[in-house]
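The lines below spell out each chain.
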Amino acid sequence: KEKKDISGFPALGENPFGTRDNAVNALKSIVASLNDPYSKYLTRDELRKELTAGDGSFLGLGALVETPSLDSMSQLPSVSIPKREKTDVTLEKVSKRNRNGQYDGLQRSIPNEDSKFRATKKINEEHILSVAQAENLPVVTAIVPDSPAERAGIVVGDRITSVGEYQFMGMSRAQVKKALENKFHAENYFGVADLTIAKRIMARSTPTMNVNYGADGNGIDEKYVFEDGWYRPRRRSVFDGIPIEPVIGYKISHVKSIPTTLTAGSSLKLESPTTSSRVKSTKYPTVFGGDNIVHYELLTPDDSIFQQLKPDSPSAKVGYIRLTRFSRASTAGYIDAVRELEDAGAQSYIIDLRNNYGGVIQEAMLTASTLLKDPHVVLCYTLNSRGGFKPQENMEYVVDKAYPGYLLSSETSTVSKDQVRREHPDYLEDGGWTSPTSYASLKELRMTRGIKPAVRMNSYSNSDDGFQPVASGDLQKKKELNLEELADAMSRNSQKKLVLLINEGTASSAEVFASALHDNGRTVALVGTKTFGKGVIQHTFPMPDGGGLRLTVAEYLTPSLHHVSKVGNLKYDSGIRPDVYCDSQQGIPKNVGADLCVGVALDVLESTGR
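None of these values were measured; they are calculated from a predicted model.

## Describing the pairing of strand E16 (residues 318-323)
Working note: regular strand, side chains alternate between the two faces of the sheet.
Here comes step 1: Of all the six residues making up E16, six are buried; the element is thus mostly covered by neighbouring parts of the structure.
Here comes step 2: The two faces of E16 match: Val318, Tyr320 and Arg322 on one face and Gly319, Ile321 and Leu323 on the other face are all buried.
Here comes step 3: When strand E15 (residues 294-299) meets E16, the two strands line up antiparallel, connected through six bridges. When the bridges of E16 are listed, His295 appears paired with Arg322.
Here comes step 4: The sheet contact formed by E16 and strand E17 (residues 348-352) spans five bridges and is parallel. The partner of Ile321 across the bridge, within E17, is Ile351.

Here it is in structure tokens:
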């Protein structure tokens, strides 16, 4: 039969809603036309399976693996690279040149001063996949914290090339989807897994600038800077949005003997809370505790990679708190962790948000409010489907009965609530707080509600020459300071230093939490890699047949009015970029003392000591 287009949707046939199967296909096609990867129609069986699923991870490794959609591929920035000839590189020479500040030749081969190549190992095209070759491969969309996948260094955005002898290469999306549904669930696999992973190769650029830094005396283009013993891509100045990091290919990596859930004899479900423990050492008490939702530890110079710290430095006692999600349980666990670490004498803090996929947004903002003194600062903005635009004020959570107080500061925990009591005592009464309108301008809200725009005052600032510490004495260079600025400077001086760890698995409300602290100048720096980039809200509308229509109904913007999600054809990148780069490709070890990125965070705290 001749098919027709219905209201601009893909061809659905003459009677798209005549039968149940036709209606399901029609609804899925209509929702897919929105080009929103988070909106979908779920049948009754699909919704029930989603609500009652147990582990549900790929092979029980703690990784959520999905079939790539056409929409997600169309939104993924990518560039094509010409086919290159096989070349030889001397790895020993590359290592030496890295230590001496020369160009990193692991990614590509360049001639040395004599234009000669020396060979001990060949790098050939079998280790690299193009974007087109990898477009149908299963993609990792989430990692469970403290899981075998996390320990093995699997990150969000990786693609699965093969499992043992089973190859995904050459399959269609339909074949990949069927294999994931029928073969690779946790309950179907016992033993240890051997995986072949395709990891993204990114190329940094800006959508509005094409900066040519020229060449140095050796003829090497200055697109890279020497940092921490390695040549890294130079961080560009950004005038119009966040630089895009297009995917130019995938590098093959083999991960062997990963224990699965069944092999380990335990599930990845949440464990019951554990009591805190204190063990006295020769100099410093060791404090640790928590559960799989929140766990904490006091880091001291007695810990392996931190032994170089000076006993009297601000990093001598660092409180480490890992939040794996945001919920009522996480808020309670966070408060307990802060109390234990404060009693143990923690002088600065690291909050680990890596692979935190989000959770309850209200709990994320309540947790952030405990670290921001001023009730008038904005935690985020919401933009709904009807055009309403509203700030989420810190005040809303300060007046909440669940608010535990202002934490991680030498000031009293009641200082924020005392300010509300002076300015708006009626807000503390039942029903006294009223949310601002969704249709007022920012100027009007500043005048009527007293909200304050985001002002970044991090100790690390972005520059063409890398990230340079900003001296606290810079405030003294100003000839005049009004009383408000002076009070703000004194308040910041009373705050304990804070670094946040983020990575590709930091998503949704965890990104809102990170941007709320970062944009309001509460953090020393964000350390890690660019976050997932999901700042949207979905609502599942129940259908008469028991299914559900899940649609995106609102979006979050950061306090500095930046999109977290990539919107439409916007040419800016999604996610929140770190101030200091440190990837999790080597895996996140269970032993915090052996975690490289925790060590980088300690270096940041050390370099910005009081």
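Having put the structure on the table, let's press on.
## Here we look at the environment of Gly359
Here comes step 1: Mapped onto the elements, Gly359 comes out in the loop between E17 and helix H10 (361-369).
Here comes step 2: Placed 150 residues apart in sequence, Gly359 and Ser509 show a C-alpha to C-alpha distance of 6.2 Å.

## Concerning the pattern of salt bridges
Think of it this way: side chains of opposite charge can pair up when their charged atoms draw near.
Here comes step 1: Taken as a whole and judged by the stated rule, the model has 17 salt bridges.
Here comes step 2: Note that Arg322 is salt-bridged to Asp146, the shortest N-O span being 3.4 Å. Of the two residues, Arg322 is situated in strand E16 and Asp146 in the loop between strand E6 (139-143) and helix H6 (148-151); the sequence distance between them amounts to 176 residues.
Here comes step 3: Residue Arg322 is classed as buried on the basis of its relative accessible area of 1%.
Here comes step 4: Of the residues examined, Asp146 reaches a relative accessible area of 23% and is grouped as partly exposed.
Here comes step 5: Two residues, Glu393 and Arg449, come together in a salt bridge whose shortest N-O distance is 3.1 Å. Note that Glu393 is positioned in strand E19 (residues 389-393) and Arg449 in the loop between helix H13 (442-448) and strand E20 (460-463), a separation of 56 residues in sequence.
Here comes step 6: By relative accessible area, which is 17% here, Arg449 ends up buried.

## Considering the packing of helix H9 (residues 328-343) against H10
Here comes step 1: The N-to-C vectors of H9 and H10 enclose an angle of 20°; their axes lie 9 Å apart at closest approach. With respect to H10, the element H9 is oriented roughly parallel. In this structure, the crossing between H9 and H10 has a hand that is right-handed. Of the residues in H10, those touching H9 at Arg328, Thr331 and Tyr334 are Glu363, Leu366 and Thr367.

Thresholds, definitions, all that
- Residues numbered from 1 in each chain as written.
- Predicted model: local features only at pLDDT ≥ 70, side-chain atom pairs only at ≥ 80, totals over all residues.
- Heavy atoms only, no water.
- Buried < 20%, exposed > 50% of the residue type's maximum accessible area, 1.4 Å probe, protein only.
- Helix = DSSP H or I, 4+ residues; strand = E, 2+ residues; numbered from the N terminus.
- Pairing = 2+ DSSP bridges.
- Salt bridge = Lys/Arg side-chain N within 4 Å of Asp/Glu carboxyl O.
- Axes fitted to C-alpha atoms, helices over the stretch in contact; angles between N-to-C directions.
- Parallel < 35°, antiparallel > 145°, perpendicular 65-115°, else oblique.
- Left-handed = near helix turned anticlockwise from the far one by under 90°.
- Contact = heavy atoms within 4.5 Å.

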